[in-house]
Structure formats: structure tokens, C-alpha cells
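Coordinate analysis (summary)
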Amino acid sequence: MYKYSFCLVILCLIGCNSSDNKTTIFAGEIVNPTSETVILYKDDIVVDSAQLDMHNRFSITLNNIDEGLYNFRHAPQYQYIYLSKGDSLMVRLNTMSFDESLVFSGHGEEINNFLIEVFLNNEEEEPLIESYYKLDPLAFSQKIDSLRKRKTNLLSELKVDVEISEKATAFANASINYSSYINKEKYPFVHNKRKKEGTITEIPEEFYTFRKGLDFDNKELTYFTPYYDYMKRHFDNLAYNDCATACVNEGDRYIKDHLHFNLHKLKLIDSLVNGKKLRDNLFRNVAMSYFLKVHDNNDNNKVFLESFHELSSNNKHIAEIHDLYEGVIKMQPSHTIPEIDVIDSLGNKVSLKDISNTKKDIVFYFWTGKNSRHFKNIHRRVAKLKMLKPNTTFIGISLSTLEYDWKKILKASDISLENQYQADDIKLLRNTLIIDGLNKAIVVNDGLIVDAYKNIYRIN
Ligand SMILES: [Zn+2]
């Protein structure tokens, strides 16, 4: 009965649509839901949200929307959709294989099914592309171009059968192109790393012809992951070239860990990107990865921050960058561990500082319910370390959201709750403790930081 009435609703939605209809409907059904809501975003702004009903269905009605790219989130996963005025787009998905199970129907289905097909094709092609990196530049380029051509041909064929707006076509093309071009930006790095003899392959200029068509100010794409990922890679590649010609590189460090490499990136972004949001996001990305991953000394960190200010003083993420910079300074050796709250298994708030004052030698480590393989590995590692270092207390901090019951997960693995805590404010904790990866451990002695960036697998 319910299924029947659901179909009627869809039929009506499709049938009732007409071109002067200003209403847009986004609705659907989620099999095996992982949260209770579906949230619709335009870029990073929430447009609307809906609760799942008892049959795991939802419906969102919008008036007079701007045609373009949206994304919907069913935590912890998300996917893009393309919406126009008058669309009545139905989605059906199973969270067990979120992207692969996505099927769109109703008015607006063609462009959306096409985009998801491109997305899945790109994933499928990854092993093939991996095998191409050993080829010479132009042979590689040809292979990548032919995969791209196959997709643009599919788009042309689709346009013969159904009507797709100019804007949607441009978007579909951008989606194909940027996810293809990123492979060419990766090529010099991956190719040279794979070469055995240690010589560097010269890349001919024509390899980069596609760069003439790059759009550094496309507001529609600013929050589209393939475009943004492409931009990050592009600036890595440009900075790498600047370094190769202008800098003396000591061979002891990975090139991306050098201050000058990161300064090149800031200058390149400044000279090429006009769109304010894209600029802000790319500048932020350089700062985040520099502060989070490089762990440079205080003098270098200061030089970086000054350069960041000079080029991006009105960055909308500036407060976050400052907090991170302050955090990095506070996490230097011999500083006291920051006073940040965690929650114990009884629900009490305790600060890390208080915990570190009760024991002499402590190692803090981190995990999340989202990543079950990491959970198993890290607790196996901690069990081993406990035997090697019986006088050290190992304290686990769960970075899970409410969706994952951290205590249940621990109990199911027979892990005592005694030295286990949950982050009170995950984002604050991550930024305060500079958590750049889940294998990071913080080594503390008598309440003072010994090493805030220890890899748990390198403790011995
Ligand atoms: Zn350099």
C-alpha cells in the first residue's frame, strides 16, 4: 500500500511538472539509514533539511532556486546533485554502498545519473591510470585524453536524446575535465618516483596545453571536490617547478615540508586566483597542511604566518588559522599539555591537564568509530606497547560523533573503559592538539609535552 502511494506521488511529481513551475522537489528513500536526516547544501550553506519518515523516506520542497550544483548529506556521507527550477528529483540509495547504489529518477534525472556515472567511472579507472604513470609524458597524455574523450562523447550522445541546459552541460564538461586533468598534474611526481634510475624526465610544454582552458574564477565550481582537488594539485606542481629553478634543495627533507615550497604556493595562488572564496579556501589549505603536517620550528612558522597575512589578510578563515598557529606554538616540547576537556565513561568532564598531572608518563592516542580497521590496529598496537612499557599510561581519546557509541565499540572489543575518554568538542580538540592523522600520539612526562607529533607505530 505504501509503496503504491509512493509511486503515485512520483508520477504526480513528474506529470505535474511544467516549464513555468518555480517549485523544485528533492525527495527519496534511504535504505539502511545511518542518520535521521538529509541536509541539502548549496556550497557550504544549508538550504534545507528533512527528517526521514518511518519508511526512511524524505522530501524537500524548494521555491525559485538558482540552477546549479547542490550537495546532500546523509551523515557521514554526501554526494552532489544538480538542480533546476521545476525539477522533481527522486533519489534512492543504500548506505552500504552509498555512491554505487545511487539512482535518480523523475524530472532532472538525466544530468544527475550522468554525473554519478562519471564519478563512478573515474573511480573504476584509477587502477588503469596508475599503470599509465610509467609511460613517457606524451604517451601518458594520449591515454588520459582518450579516457576523457570517451566521457565527453557520452555527454554528446545524451544531449541528442534529452534536453540538458547549457549551464548543466558546461558543468558536466567541467566535471569530466577537472577530474581528468588532475592526473596530468600528478604525473611529474608519480612518474619520477616510479623511475628506477633516478633521472628526471623533462616534460614537454605541449603536455600542459590543457592549462590554457583553466578557469580560476568559477564560482559554480568552488565547492566541487574534483575542481578543488585539481586546484590543490595544480599549485603543488607549479610550486614544485618554481622550487626546481629558484631554490637550492637540501635532500634531507620531503620538498613539501620546506618553508619556501609553501611560500611559493601562497604567491602562486595570489597571482592566479581571483575568486574570493576559492582564494580563501586555497590559502587556508596551504596554511592548514603546513601547520598540521610540517611541524616546523617557531621562526619558520612565524615567517609563514607573516606571508599569509600579507597576501590574504581578509581571509574568512583567518581566525581558524591564527588558532592553529597559536596551537602549534603551544604544542612545542616542554610546554604543559593544553587545558582542553574530554569526557570520561561516566559522563564527567575532565581536562587533559588534570589527567596528565595524575600520572608520570602518559601517551595519548586517538581513534574514531568511523574507521573500524584503524580502531582494531591501534588497540592491538597499544596492547603491545603496554607490555613493553608497563610504567606508561596509554590514554585513548575517541573522536567519534554521537552517531558512533564509543563505549559500546570499546566494550565489544573487551577494552577497559578506565583510560578511555571522548572528545568534548572534536574540532576544538583536533585543532588544539594539532591532530593531522589518526596514528599521531602525544608523549607527556610530568605534565609536560615531550613529543606532540609521535607516530604511535614508531614508539619503542
Ligand atoms: Zn623553493
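Residues numbered from 1 in each chain as written. Predicted model: local features only at pLDDT ≥ 70, side-chain atom pairs only at ≥ 80, totals over all residues. Heavy atoms only, no water.

Here we come to the coordination of the zinc ion. Coordination sphere of the zinc ion, protein contribution only: Cys 243 (SG), Cys 247 (SG), His 260 (ND1) and His 264 (NE2), at 2.0 to 2.3 Å. In this structure, the zinc ion is coordinated by four donor atoms arranged in tetrahedral fashion, with angles at the metal of 91 to 132°. Expressed as a motif, the donor residue spacing for the zinc ion is C-x3-C-x12-H-x3-H. With Cys 243 in helix H6 (residues 225-246) and His 264 in helix H7 (residues 259-272), this residue pair connects regions lying 21 residues apart in the sequence. Pair check on accessibility: Cys 243 and His 264 agree, each one buried. (Donors = N, O, S within 2.8 Å, 3.2 Å for Na, K, Ca; no water. Tetrahedral: all angles 85-135°; square planar, octahedral: opposite > 155°, others 65-115°. Helix = DSSP H or I, 4+ residues; strand = E, 2+ residues; numbered from the N terminus. Buried < 20%, exposed > 50% of the residue type's maximum accessible area, 1.4 Å probe, protein only.)

Another aspect to go through is the nonpolar core. Of all hydrophobic cores here, the largest spans 92 residues; its most connected members are Phe 304, Phe 364, Phe 366 and Leu 429. Apart from the residues lying within four places of it in its own chain, the contact partners of Phe 366 are His 374, Ile 378, Ile 397, Leu 399, Leu 429, Leu 433, Ile 435, Leu 438, Lys 440 and Ile 442. Counting residues in hydrophobic clusters, the runner-up holds 22 residues, among them Ala 50, Phe 58, Leu 62 and Val 91. (Core = buried A, V, L, I, M, F, W, Y, C linked by side-chain atoms within 4.5 Å. Contact = heavy atoms within 4.5 Å.)

Quick look at the pattern of salt bridges now. Counting across every chain of the model gives 19 salt bridges. Measuring nitrogen to oxygen at the nearest pair gives 2.8 Å for the salt bridge that ties Glu 185 to Arg 211. Taken together, the residues Glu 185 in helix H5 (residues 166-194) and Arg 211 in the loop between H5 and H6 connect sequence positions 26 residues apart. Where Lys 349 meets Asp 424, a salt bridge forms, and the shortest distance between an N and an O atom there is 3.2 Å. In this pair, Lys 349 is assigned in strand E10 (residues 349-351) and Asp 424 in the loop between strand E13 (420-423) and helix H14 (426-433), connecting sequence segments 75 residues apart. The class for Lys 349 is exposed, based on a relative accessible area of 56%. Residue class for Asp 424 comes out partly exposed when judged on its relative accessible area of 35%. Residues participating in the shared-partner salt-bridge network are Lys 42, Lys 167 and Glu 220. (Salt bridge = Lys/Arg side-chain N within 4 Å of Asp/Glu carboxyl O.)

Okay, the packing of aromatic side chains next. For the coordinates displayed, the defined rule picks out 28 aromatic pairs. Here the aromatic rings of Tyr 290 and Phe 304 are separated by 4.5 Å at their centres, their planes lie at 25°, and the arrangement is stacked. Separated by 14 residues along the polypeptide, Tyr 290 in helix H8 (residues 276-294) and Phe 304 in helix H9 (residues 298-312) bring together distant segments of the chain. For the pair Tyr 290 and Phe 304, one class covers both residues: buried. Relative to Tyr 325, the ring of Phe 291 lies with its centre 5.7 Å away and its plane at 55°, an arrangement referred to as tilted. Taken together, the positions of Phe 291 in helix H8 and Tyr 325 in helix H10 (residues 318-330) put the pair 34 residues apart, joining distant regions of the chain. (Phe/Tyr/Trp six-rings, centres within 6.5 Å; stacked < 30°, edge-to-face > 60°.)

So, on to the domain arrangement of the chain. For the chain, the assigned domains are domain 1 (2-107), domain 2 (116-330) and domain 3 (341-458). If you average the C-alpha positions of domain 2 and of domain 3, the two centres end up 34 Å apart. Here domain 2 meets domain 3 over a buried area of about 690 Å², counting both sides, of which 64% is carbon and sulfur. Taken together, the links from domain 2 to domain 3 amount to zero salt bridges. (Domains from an automatic or database assignment. Buried area = accessible area lost by both parts, 1.4 Å probe.)

Bringing unusual backbone geometry into the picture now. The phi angle of most residues is negative, glycine excepted, and most peptide bonds adopt the trans form. Following Ala 75, the chain continues into Pro 76 via a peptide bond in cis, with omega recorded as 0°. Checked against the element boundaries, Pro 76 lands in the loop between strand E5 (68-74) and strand E6 (77-83). Of note, Asn 32 is a non-glycine position whose phi angle comes to about 55°, a positive value. Take Asn 32: it is sitting in the loop between strand E1 (23-31) and strand E2 (37-42). Accessibility expressed as a relative area gives 38% for Asn 32, which makes it partly exposed. Positioned with a positive phi, Ser 334 is a non-glycine residue whose angle comes to about 75°. Note that Ser 334 resides in the loop between H10 and strand E9 (341-343).

Attention shifts here to the packing of H7 against H9. At their nearest, the axes of H7 and H9 sit 10 Å apart, and the two run at 5° to each other. Viewed along their axes, H7 and H9 adopt a mutual orientation that is roughly parallel. For the pair formed by H7 and H9, the contact residues are Leu 259, Asn 262, Leu 263, Leu 266, Lys 267 and Asp 270 on the first element and Asn 300, Val 303, Phe 304, Ser 307, Phe 308 and Leu 311 on the second. (Axes fitted to C-alpha atoms, helices over the stretch in contact; angles between N-to-C directions. Parallel < 35°, antiparallel > 145°, perpendicular 65-115°, else oblique.)

With that out of the way, let us pick up the pairing of strand E7 (residues 88-94). Of all seven residues that make up E7, five are buried, and the element is covered over most of its length. With seven bridges joining them, E1 and E7 adopt parallel strand pairing. Each residue of the ladder has a partner; that of Gly 28, found in E7, is Val 91. Pairing between E7 and strand E8 (residues 103-107): five bridges, direction antiparallel. Residue Arg 92 lies in a different strand from E8, and its bridge partner there is Val 103. (Pairing = 2+ DSSP bridges.)

Glancing now at the sheet that holds strand E3 (residues 45-51). The strand order E3-E2-E5-E6 describes an open sheet built from four strands, whose pairing is antiparallel. At either margin of the open sheet sits one strand with a lone partner, and together these are E3 and E6. Mean inter-strand twist for the sheet, computed between neighbouring axes without regard to direction, equals 25°. Pairing between E2 and E3: six bridges, direction antiparallel. Pairing of Lys 42 across the sheet is with Ile 45, part of E3.

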